[in-house]
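# Chain and residue survey
The chain contents come next:
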Amino acid sequence: MTLQDLRPLLPLLVLSAAIVTVMLVIAFKRDHRLTFALTLIGLVLSLAALPLASSGLPRTVTPLVVIDGFALFYIALVLAASLVVVIFSFSYLEKVAGNREEYYLLMMLATLGAVVLVVSNHFVSFFIGLETLSISLYTLIAYTRFERQRIEAAIKYLVLAAAASSFLLFGMALAYLVYGTMQFDQMSSPSNFSAADSALLTVGLAMLMVGIGFKLALVPFHMWAPDVYQGAPAPVTAFVATVSKGGIIALMLRLFAFVPLTLGSNLWNVFALIAILSMLAGNVLAVVQSNVKRILAYSSIAHFGYLLVAFLASNALSISSMTFYLVVYIITSLIAFGVITVLSHPQKEFEELEDYRGLFRQQRRPAIFLGLALLSLASLPPTGGLVGKIFLAAAGVESSLWLLLAALVIGSVIGVFYYLRVAITIFRQPEEESAVWTAPRLTPLAEVTLVLLSLGLIILGIFPAPLINLIEAVAARLG
Amino acid sequence: MVWLFYLAAAVALFCTVMVITRLNAVHALLYMVMALLSLALIFFLLGAPFIAALEVIVYAGAIMVLFVFVIMMLNIGPQSVDQERRWFNLSTWRGLVFIAGILLIELIIALRLGFPEPLDVTEVTPHQVSLSLFGPYLLGVELASMLLLAGLVGAYHLGRREQERPKK
């Protein structure tokens, strides 16, 4: 490692320096506004360091980390999503009794974990990044620790994440046994693979997929998602839905760019089954929910099932279509959970479908933002959701995955039903007794962020070409 | 000499099953210490004496200390002394001593015989471990410190005394 290696690492270094600074400032002076401002500055500086890091790429910094265009794109995505979540968190945390400052520290640590996932080129950095993300999340989920359901959600996440991590470690050990290396870019299958080797590798990759599938909440590893989405504080739910999953997707794309997943192999069939189950079960179970956070949890299960369709196609369109869809999904989720966050109180979250009845009459703007997000989730025009879904389907068509595409279409149709059910509830006449609910005030910063996100979502729906070109440029380097 | 490995592995498996099936937390902890000791022996047989020593010092050692703290802080008073005296009879501890004895005998055999054919492994010395930690894995060490920071801040936040419980 040399001095030149530090330059590509700048975003990580700035983020780590911000973490240490915030920690020290908390130790000397507890002040919510100050910590919030420092966190924002840290994340913005880290984003600003991205252009500086972008010369002389791709660059492998020690065997653990590789910085290339793909990594920088995903770092930007993760940091921006984290920034938005932090902005939404402020007004929510103002109402929290007790210490609020550690929240920002943990949020940045979790972001660092996701960034490490994005740049990792090695099982060691993969695991450390994943654990940094998970351990910060355990505390974040239980952050307002006097609400029973927070603790319940955190314990569920802790137990299941620990089980998933042990599967992941075993899978890594088996893959290491076969490849003899833990570095992703050296994992090319030798031609003299014995039958035992390929059996070991299949089991190892399946175990890796258990760990990854858990984090992405794919069926049958989805059990935690509804409870954690519902039980966690609303801004933390937003983080779990966006930053955490975005980091894992980047890692999965990088890993499987080197480890081949051939069409029609046993492993491929298992993945296909997981994808179909996720798309169908996620959507069907979402229909019967009456809690908006749970609906969004099941919908996220289905959406990551859609992503797997393009992943399994493994053709030229896969990486770019998945990345585009992920960007749209993250923007959409940030809007949806952002609206839930700004309307919620730590002791009474704004989450039951009945709460949303007549939202439009009381709070025009949040209702419109949420409506737009629902349109995008249902992949209806004029939002980016439609373009993303078409792009994903195109990748599937390219490889003629008709069964998976059928599940995608059926899932989407079911999806339209329950998204529109929420949307209609928002615009319905409020009942008399619901008038007791007093509308909280939106902070100007949160409102500006929501407007920008909504504009972005519409622009991606009407004029997606610039982003697609950018993604194709960075994805070309991979694999 | 490959049976040394299989015996240690069997002990590790048995102890781990006992950890998750014991209803008494202290018993489970004791079996966990035994499981960690047998893992240390496996590391030793695989040619990593440094990791084996760390396993004993950090895991078995630290967990034993934690366990002692728990006993010290939770059961204080003549009543519990009496209870402990009743627990401290042959039937309670002979199983664990037997397992520890197996591991000890294995260790002595391995030390006397060296590493014969089937376990012909290259020994990884502390020097090599530290070279790789300060060389290719430097970033891993730094990132692990961030991981520990996350755990520390989390434990501090969740474990703090409950002063600010909202009034119902």
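Residues numbered from 1 in each chain as written. Chains lettered and ligands numbered in written order. Predicted model: local features only at pLDDT ≥ 70, side-chain atom pairs only at ≥ 80, totals over all residues. Heavy atoms only, no water.

### As for the overall build of chain B
The condition is simple: Strands are runs of DSSP state E lasting at least 2 residues, helices are runs of H or I lasting at least 4, and numbering of each runs from the N terminus. When a residue's accessible area, from a 1.4 Å probe over protein chains only, is under 20% of the maximum for its type it is buried; when over 50% it is exposed; and in between it is partly exposed. Areas reported as accessible are Shrake-Rupley estimates using a 1.4 Å probe. Residue values count occlusion only from the protein chains shown.
Summing up its helical and strand segments, chain B has seven helices and zero strands in all. Counting from the amino terminus, chain B carries its helices and strands in the arrangement α-α-α-α-α-α-α. Scored against the burial criterion, the 168 residues of chain B give a buried share of 29%. About 11,300 Å² of surface is accessible on chain B, with carbon and sulfur atoms providing 73% of the total.

### Some details on the packing of aromatic side chains
All names here are of chain A. We apply this condition: Each pair of aromatic rings taken from Phe, Tyr and Trp, with Trp reduced to its six-membered ring, is defined by centres within 6.5 Å and is described as stacked if the planes are under 30 degrees apart, edge-to-face if over 60, and tilted in the remaining cases.
In total, this model carries 22 aromatic pairs over all chains according to the counting rule given. Here Tyr229 and Phe337 contribute two aromatic rings whose centre-to-centre distance is 5.9 Å and whose plane-to-plane angle is 65°, an arrangement assigned as edge-to-face. You can see Tyr229 sitting in helix 9 (residues 224-231) and its partner Phe337 sitting in helix 13 (residues 318-343), a full 108 residues away along the chain. According to the relative accessible area criterion, Tyr229 is buried, its value standing at 1%.

### Focus on the domain arrangement of chain B
Residues and elements named next belong to chain B. Worth spelling out the cut-off: Start and end points for every domain follow an automatic or database-based domain assignment. It only takes one pair of heavy atoms within 4.5 Å for two residues to be counted as in contact. Summed over both partners, the accessible area lost on bringing two parts together, with a 1.4 Å probe, is the buried area. Think of a polar contact as two N or O atoms within 3.5 Å of one another; within protein, one of them needs to be a possible hydrogen donor and the other a possible acceptor, and neighboring residues in sequence only count if both atoms come from side chains.
In terms of domains, chain B is made up of domain 1 (2-123) and domain 2 (124-168). Tallying the contact residues gives six residues for domain 1 and five residues for domain 2. Summed over both partners, the interface of domain 1 with domain 2 buries about 390 Å², with 65% contributed by carbon and sulfur atoms. Taken as a group, Phe50, Ile51 and Glu123 account for 80% of the area that domain 1 buries against domain 2, more than any other trio of residues on that side. In this assembly, domain 1 and domain 2 are joined by one residue pair in polar contact (both at pLDDT 80 or more).

### A closer look at helix 18 (residues 444-462) of chain A
Because each turn of an α-helix spans 3.6 residues, side chains separated by three or four positions end up pointing in the same direction. Residues and elements named next belong to chain A. To be explicit about the condition: A helix's residues, less one, multiplied by 1.5 Å, set its expected span. The directions from the helix axis to the C-beta atoms are what the arc is built from.
Taking 1.5 Å as the rise per residue, helix 18 with 19 residues should run 27 Å; its terminal C-alpha atoms sit 27 Å apart, in good agreement. Every buried residue of helix 18 is listed here: Ala446, Glu447, Thr449, Leu450, Leu453, Ser454, Leu457, Leu460 and Gly461. In a view along the axis of helix 18, the buried residues occupy a sector of 160°, so they form one face of it. In helix 18, the exposed positions that point more than 90 degrees away from the buried face belong to Pro444, Leu452 and Ile462. Check the buried side of helix 18 and you find it contacts helix 4 (69-94), helix 13, helix 15 (364-377), helix 16 (384-398) and helix 19 (465-476).

### Description of the confidence of the model for chain B
Residue and element names in this part refer to chain B. Let me state the cut-off plainly: Within a predicted model, pLDDT stands for the predictor's per-residue confidence, ranging from 0 to 100.
In this model, chain B carries an average pLDDT of 81, and 84% of its residues clear a pLDDT of 70 or more. Across chain B, the secondary-structure element scoring lowest on mean pLDDT is helix 4 (residues 78-87), at 72, and the one scoring highest is helix 7 (residues 138-159), at 92. Overall fold confidence (pTM) sits at 0.91, and the ipTM for the predicted complex is 0.90.

### Here we look at the environment of Val153 of chain B
Within the secondary structure, Val153 of chain B sits in helix 7. By relative accessible area, Val153 of chain B is classed as buried at 8%. Those residues in contact with Val153 of chain B that sit more than four places away from it in its chain are Glu102, Leu105 and Leu106 of chain A.

### Quick word on the interface of chain A and chain B
The criterion, for reference: Any Lys or Arg side-chain nitrogen found within 4 Å of a carboxyl oxygen on Asp or Glu counts as a salt bridge. Ten residues, namely Ala, Val, Leu, Ile, Met, Phe, Trp, Tyr, Cys and Pro, are considered nonpolar, four, namely Asp, Glu, Lys and Arg, are considered charged, and the remaining ones, Gly among them, are considered polar.
Listed by partner, the interface residues are 35 residues for chain A and 25 residues for chain B. Across the interface of chain A and chain B, roughly 2,500 Å² is buried in total on both sides, 76% from carbon and sulfur atoms. If you sort the residues of chain A by the area they bury against chain B, Ile128, Arg145 and Phe146 of chain A come out on top, with a joint share of 27%. Connecting chain A to chain B are zero salt bridges. On inspection of chain A and its partner chain B, the count reaches four residue pairs in polar contact (both at pLDDT 80 or more). Where the side of chain A that touches chain B is concerned, the elements lending two or more residues are helix 2 (10-28), helix 5 (101-119) and helix 6 (123-141) of chain A. Ranked by the residues each element gives to the side of chain A that touches chain B, the list is headed by helix 6 of chain A, at seven residues. Its residues placed into classes, the side of chain A that touches chain B shows 22 nonpolar, nine polar and four charged.

### Side note on the confidence of the model for chain A
Parts of the prediction with low pLDDT should not have their coordinates interpreted in detail. Taken residue by residue, chain A gives an average pLDDT of 89. The fraction at 70 or more is 96%. No element of chain A has a lower mean pLDDT than helix 14 (residues 359-362) of chain A, at 80, and none a higher one than helix 5 of chain A, at 95.

### Points about helix 8 (residues 195-216) of chain A
With 22 residues, helix 8 of chain A should cover 32 Å at 1.5 Å per step; its first-to-last C-alpha distance of 31 Å lies within 8% of that length. One or two residues past the end of helix 8 of chain A sits Ala217 of chain A, with phi positive at roughly 60°.

### What to know about the environment of Ala60 of chain B
All names here are of chain B. Tracing the sequence through the fold places Ala60 in helix 3 (residues 49-74). For the pair Ala60 and Pro126, spaced 66 residues apart in sequence, the C-alpha separation works out to 20 Å. The residues touching Ala60, leaving out its near neighbours within four places in the chain, are Val33, Leu36, Leu37 and Glu55.

### Some thoughts on the pattern of salt bridges
Residues and elements named next belong to chain A. Scanning all chains against the criterion turns up twelve salt bridges over all chains. A salt bridge links Arg30 to Glu102, with the shortest nitrogen-to-oxygen separation between them at 2.7 Å. One end of the pair, Arg30, is in the loop between helix 2 and helix 3 (32-53); the other, Glu102, is in helix 5, and 72 residues separate them in sequence. The class for Arg30 is partly exposed, based on a relative accessible area of 35%. For Glu349, the salt bridge identified is with Arg150, shortest N-O distance 3.6 Å. In this pair, Glu349 is assigned in the loop between helix 13 and helix 14 and Arg150 in helix 7 (residues 148-179), connecting sequence segments 199 residues apart.

### Considering the nonpolar core
Filter applied, for reference: The nonpolar core is taken to be a set of buried Ala, Val, Leu, Ile, Met, Phe, Trp, Tyr and Cys residues, with the residues joined through side-chain atoms within 4.5 Å.
Membership of the largest hydrophobic core comes to 195 residues, with the highest contact counts inside it found for Tyr74, Phe126 and Leu404 of chain A. At 19 residues, helix 4 of chain A tops the list of elements feeding residues into this core. Discounting chain neighbours no more than four positions away, the residues touching Phe126 of chain A are Leu117, Ser120, Leu168, Met172, Phe184, Leu208, Ile212 and Leu251 of chain A. One finds Ala8, Val11, Ala35 and Ile42 of chain B within the second-largest nonpolar core, a separate group that totals 16 residues.

### Some details on the packing of helix 13 of chain A against helix 18 of chain A
Residues and elements named next belong to chain A. Which entries qualify depends on this criterion: Only the stretch in contact is used when a helix axis is fitted, and all axes are lines through C-alpha atoms; the angle between N-to-C directions ranges over 0 to 180 degrees. Note on angle classes: values under 35 degrees are labelled roughly parallel, values over 145 roughly antiparallel, values of 65 to 115 roughly perpendicular, and the remainder oblique. Working rule for handedness: look at the near helix, and if it is turned counterclockwise from the far one by less than a right angle, call the crossing left-handed; if clockwise, right-handed.
Here helix 13 crosses helix 18 at 150°, and the two axes come no closer than 10 Å. The angle between the axes of helix 13 and helix 18 places the two elements in the roughly antiparallel class. Regarding helix 13 and helix 18, the two cross each other, and that crossing is left-handed. Packed against helix 13, whose contacting residues are Phe324, Val327, Val328, Ile331, Thr332, Leu334, Ile335, Val339 and Val342, the element helix 18 presents Ala446, Leu450, Leu453, Ser454, Leu457 and Leu460 at the interface.

### With respect to the side chain of Asp68 of chain A
Residue and element names in this part refer to chain A. Along the chain, Asp68 falls in the loop between strand 2 (65-67) and helix 4. Take Asp68: its relative accessible area is 6%, and that puts it in the buried class. Engagement of the side chain of Asp68 in a polar contact is seen with the side chain of Arg254, the distance being 3.1 Å. When near neighbours in sequence (up to four residues on either side) are disregarded, Asp68 contacts Leu57, Pro58, Arg254 and Leu478.

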